[in-house]
There are 2 protein chains.
Amino acid sequence: MHFNNLINSIKERREMLKVTQETLAELSGVGLRTLKQFESGKGNPTAETLNKLGDALGMELTFQVKKTKPE
Amino acid sequence: MHFNNLINSIKERREMLKVTQETLAELSGVGLRTLKQFESGKGNPTAETLNKLGDALGMELTFQVKKTKPE
DNA sequence: TTTAATAGTGCATTATAATGCACTATTATC
DNA sequence: GATAATAGTGCATTATAATGCACTATTAAA
């Protein structure tokens with residue numbers, strides 16, 4: 001199971017903000033190992049972990065109804 | 001830690017589609033106990049669980065940059 | 001208010017997420 | 001190509017998510 005969209009969102013946002021994994025780990029309260037794992041496409045993070053990362057990056061996790069035809 | 005936005009999205013969508021927890025559990029491949037736990041506000045689901053539920057309901061999990069001032 | 005359907009809980013087990021530590025790999029700077 | 005900074009991996013441990021089963025609670029229909 002892949003979460004590439006989530007991974008990319010976090011990774012892009014982190015890089016846009018010029019923040020290292022180490023700093024994001026500290027800011028978010030998520031373990032560095034956990035963040036590394038997540039960003040390298042491994043693992044299956046919990047909602048709590050995703051939320052923590054999102055909070056630190058000014059993002060939020062949401063469900064959206066899929067469009068039948070993407071515009 | 002609360003995920004009320006995620007919980008409500010799933011719950012509302014499920015009810016809108018007139019689907020029971022039991023049916024959604026079957027459709028999504030998520031254990032009924034797990035779904036019950038999630039919808040009743042307990043637990044800390046993994047991205048995989050959230051994705052499975054989303055898939056079955058035609059929704060997707062996304063990160064969005066928070067607006068400074070909600071409009 | 002009985003009955004049936006659906007939703008929520010307690011308990012126990014198994015699978016695995018989160019974590020730290022030490023290491024390697026990659027990338028950028030000199 | 002040495003050095004330093006950042007990113008990724010292997011391994012072991014601990015915490016907890018996912019699950020089934022049996023039960024209770026709530027809600028809707030008769």
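Residue positions are given per chain, counting from 1 as you read along its sequence in written order. Labels follow written order: the first chain is A, the first ligand is 1, and so on. Given that the model is predicted, a residue must reach a pLDDT of at least 70 before its local features are reported, and side-chain atom pairs must reach 80 or more before they are shown or counted; all residues, however, enter totals for whole chains, interfaces and linings. Working from all heavy atoms in the structure, the side-chain values ignore hydrogens and water.

Description of the overall build of chain A
Here is the rule we go by: In this description a helix means any DSSP run of H or I spanning at least four residues, a strand means any run of E spanning at least two, and both kinds are numbered starting from the N terminus. Each residue's exposure class comes from its accessible area (1.4 Å probe, protein chains only) as a fraction of the maximum for that residue type: buried when under 20%, exposed when over 50%, partly exposed otherwise. Contacts are residue-level and defined by heavy atoms, with any inter-residue pair within 4.5 Å sufficient.
Helix and strand content of chain A: four helices and one strand. Put simply, chain A runs from its N terminus to its C terminus through helices and strands in the order α-α-α-α-β. Taken over the C-alpha atoms alone, chain A extends approximately 40 × 25 × 20 Å along its principal axes. When each of the 71 residues of chain A is scored for burial, the buried share is 37%. Look at the contacts in chain A between residues 6 or more apart in sequence, and 55% of them connect residues 24 or more apart.

Focus on unusual backbone geometry
Residues and elements named next belong to chain A. Residue Lys 18 is not a glycine yet carries a positive backbone phi of 60°. You can see Lys 18 is positioned in the loop between α1 (4-16) and α2 (21-28). Classification of Lys 18 as exposed rests on a relative accessible area of 77%.

Some points on the packing of helix α2 (residues 21-28) of chain B against helix α3 (residues 32-39) of chain B
All names here are of chain B. Quick reminder of the rule: Each axis is a line fitted through C-alpha atoms, and for a helix only the stretch in contact is used; angles between axes span 0 to 180 degrees, taken between their N-to-C directions. Between 65 and 115 degrees an angle is taken as roughly perpendicular, under 35 as roughly parallel, over 145 as roughly antiparallel, and anywhere else as oblique. By definition, turning the near helix anticlockwise from the far helix through less than a right angle yields a left-handed crossing, and turning it clockwise yields a right-handed one. Residue type decides the class: Asp, Glu, Lys and Arg count as charged, Ala, Val, Leu, Ile, Met, Phe, Trp, Tyr, Cys and Pro as nonpolar, and the leftover types, Gly among them, as polar.
Where α2 contacts α3, the two axes come as close as 9 Å, and the packing angle between them is 120°. It follows that α2 is oblique to α3 by the angle criterion. In the crossing of α2 with α3, the sense of the turn from one axis to the other is right-handed. Each of Gln 21, Glu 22, Leu 24 and Ala 25 in α2 lies in contact with α3, whose residues at this interface are Leu 32, Leu 35, Lys 36 and Glu 39. Along the lines of polarity and charge, the residues of the contact of α2 with α3 split into four nonpolar, one polar and three charged.

Concerning the interface of chain B and chain A
The cut-off we apply is this: Here's the idea: put two parts together, see how much 1.4 Å probe accessible area each one loses, and the total over both is what we call buried area. Basic side-chain nitrogens of Lys or Arg form a salt bridge, by our definition, when they fall within 4 Å of a carboxyl oxygen of Asp or Glu. Polar contact criterion, stated in full: a pair of N or O atoms within 3.5 Å, where within protein one must be able to donate a hydrogen and the other to accept it, and residues adjacent in sequence count only if both atoms are side-chain atoms.
Across the contact, 27 residues belong to chain B and 27 residues belong to chain A. Taken together, both faces of the contact between chain B and chain A bury some 2700 Å²; the carbon and sulfur share is 61%. At the surface where chain B touches chain A, the tally comes to two salt bridges. Among the salt bridges present, the one from Asp55(A) reaches Lys66(B), with a minimum N-O distance of 3.6 Å. Linking chain B to chain A there are 15 residue pairs in polar contact (both at pLDDT 80 or more).

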